[in-house]
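Letter by letter, the chains look like this.
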Amino acid sequence: MAQFGADDLRPDQLAALHRRITGWFAETARDLPWRERHCSPWGVLVSEIMLQQTPVVRVLPVWREWLERWPTPAALAGEPAGEAVRSWGRLGYPRRALRLHSAAAAIVRDHGGSVPGNYTELLALPGVGSYTAAAVAAFAFGRRETVVDTNIRRVHARLVSGVALPSPSLNAAEMRLAAELLPDDVGTSVHWNAAVMELGALVCTARAPKCADCPVRDSCAWLAAGEPPPSYVPKGQAWHGTDRQVRGAVMAVLRLADAPVPAEMFQREPADLGFAADGIGVPLSALHRLNSAPEQLERAMAGLLGDGLAELHQGGYRLPA
DNA sequence: GAACCGTGGGG
DNA sequence: TCCCCAAGGTT
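What counts and what doesn't
- Along each chain, numbering runs from 1 in the same order as the chain's sequence is written.
- Key to labels: chains lettered from A, ligands numbered from 1, both in the order written.
- This being a predicted model, a pLDDT of at least 70 is required before a residue's local features are given, and a value of 80 or more before pairs of side-chain atoms are given or counted; all residues contribute to the totals for chains, interfaces and linings.
- The basis for every side-chain value is the complete set of non-hydrogen atoms in the structure, without hydrogens or water.
- UniProt positions are given in the numbering used here, feature names are shortened, and annotations may be inferred rather than shown by experiment.
- Only DSSP runs of H or I with at least four residues qualify as helices, and only runs of E with at least two residues qualify as strands; both kinds are numbered from the N terminus onward.
- Each residue is placed in one exposure class: buried if its accessible area under a 1.4 Å probe, protein chains only, is under 20% of its type's maximum, exposed if it is over 50%, and partly exposed if it falls in between.
- Contacts were defined at the residue level, with two residues in contact if any of their heavy atoms lie within 4.5 Å.
- Aromatic pairing here means that ring centres of Phe, Tyr or Trp (its six-membered ring) are within 6.5 Å. Orientation follows from the plane angle: under 30 degrees is stacked, over 60 is edge-to-face, and everything else is tilted.
- Nearness is defined per residue: one heavy atom within 4 Å of the molecule or strand is enough.
- Pairing of N or O atoms within 3.5 Å defines a polar contact, subject to two protein rules: one partner must be a possible hydrogen donor and the other a possible acceptor, and residues neighboring in sequence count only if both atoms are side-chain atoms.
- Residue polarity follows a fixed list, in which Ala, Val, Leu, Ile, Met, Phe, Trp, Tyr, Cys and Pro are nonpolar, Asp, Glu, Lys and Arg are charged, and the others, Gly among them, are polar.
- The term salt bridge refers to a pairing of a side-chain nitrogen on Lys or Arg with a carboxyl oxygen on Asp or Glu at a separation within 4 Å.

Per an unreviewed UniProt entry, chain A carries the name Adenine DNA glycosylase and comes from Pseudarthrobacter humi. In UniProt, chain A has this text filed under Catalytic activity (unreviewed entry): "Hydrolyzes free adenine bases from 7,8-dihydro-8-oxoguanine:adenine mismatched double-stranded DNA, leaving an apurinic site." In the Sequence similarities (unreviewed entry) part of its UniProt record, chain A is described as follows: "Belongs to the Nth/MutY family."

K.L.:
For the side chain of Ser 47, give the residues involved together with the corresponding values.
P.N.:
Mapped onto the fold, Ser 47 is located in helix 2 (residues 41-50). The exposure class of Ser 47 is buried, given its relative accessible area of 1%. For Ser 47, the residues in contact, after removing those within four places along its chain, are Trp 34 and Trp 63.

K.L.:
Account for the packing of aromatic side chains, naming residues and giving values.
P.N.:
Inspection of the entire model under this criterion finds 4 aromatic pairs. When the ring of Trp 34 is compared with that of Trp 63, the centres are 5.5 Å apart and the planes differ by 70°; the resulting orientation is edge-to-face. One end of the pair, Trp 34, is in the loop between helix 1 (11-28) and helix 2; the other, Trp 63, is in helix 3 (residues 56-69), with 29 residues separating them in the sequence. For Trp 34, a relative accessible area of 10% gives the class buried.

K.L.:
Outline the protein's contact with DNA strand B, listing residues and values.
P.N.:
Residues in contact with DNA strand B amount to 19 residues; listed here are only the nearest, Arg 90, Pro 94, Arg 95, Gln 237 and Arg 247. Restricting the count to atoms of DNA strand B within 4 Å of the protein gives a sugar and phosphate share of 59%. A distance of 3.1 Å separates a base nitrogen of DNA strand B from a polar backbone atom of Gln 53. Interatomic distance of 3.1 Å between a side-chain N/O atom of Arg 244 and a base nitrogen of DNA strand B. At 5 residues, helix 13 (residues 243-256) tops the list of elements feeding residues into the surface near DNA strand B. Its residues placed into classes, the surface near DNA strand B shows 4 nonpolar, 6 polar and 9 charged.

K.L.:
I'd like a rundown of the pattern of salt bridges, residues and numbers included.
P.N.:
Under the criterion given, the structure shown has 15 salt bridges. Between Glu 198 and Arg 30 there is a salt bridge, and its shortest N-O distance comes to 2.8 Å. One end of the pair, Glu 198, is in helix 11 (residues 186-202); the other, Arg 30, is in the loop between helix 1 and helix 2, with 168 residues separating them in the sequence. Using a relative accessible area of 1% as the deciding quantity, one classes Glu 198 as buried. When its relative accessible area of 28% is taken as the criterion, Arg 30 is described as partly exposed. The partner of Glu 83 in a salt bridge is Arg 86, and the shortest N-O contact between them spans 3.6 Å. On the criterion of helical spacing, the pair formed by Glu 83 and Arg 86 is a turn pair, its members being 3 residues apart in helix 5 (residues 81-87). With a relative accessible area of 32%, Arg 86 lands in the partly exposed category. Here the residues in one salt-bridge network are Arg 69, Glu 79, Glu 83 and Arg 86, joined through shared partners.

Okay, here's the thing in structure tokens:
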């Protein structure tokens, strides 16, 4: 389909976008701990992993606990993976905790305990994909990188391409556009990446964008086009009755337990659970959420074991030691 | 490329 | 209440 690209912007127009959006950022950016000067690259890396698909407000308290407890990659790598999973709390997608633990070990093993500063080495770390590698290189090391996340994609889609939403999945055209929009100056490029991301998070939001507060509303191709609706309907993820729901309930129990949870406890009828909740530190309310078809529970447990999120020990399930 | 992987707050 | 979706990555 024919969309506008950076080719339609004159150099002076592009410079004006850079100036307005970074200026807006300088005035209104949130004070986030991983943005502070003294924050270590490790702190930035931890924040980026936690922020994958998880809102800032929920990440903040967990990030603080993590950095206090594990101020360096070596500190985390020196503890069992299960401790990372447990302290992940309810951030969701607990495989991220596992991968972050593996990444810490790789940093100790391959990089002398210091987070690497270039894109390629970052990309090789477990749980670090193209977005996170670029973000850490830019925000922790001041590199000029083409950072593309869901916020940046949405801002580009509206501001430049004139459509309500970016394509369902990141494509080469979007990467090219982002690269063309990136300021040449290294320092400015870092601010630009952070600023566009912040604009997407606070103003150019997915639902009900606050266009009245937008510093570049008079340059927005989507507004100029009369706010055309999305050309497709994003399909949501199923939840009720899925394996993921069961996995989540199981993990909630394992995080709370201070001893291996007997396998039979996952198979009892809810009314029948009182027998063994004592001694493992798990409230009945958590166990009641496990009420699901035996076949599905078995599938979920097998998945968790296969992912390394749980292990069998003395006839019970526990977080990995 | 599509499917899968958690969680909870806001509209 | 229900649905959307949030600084993605891996298979």
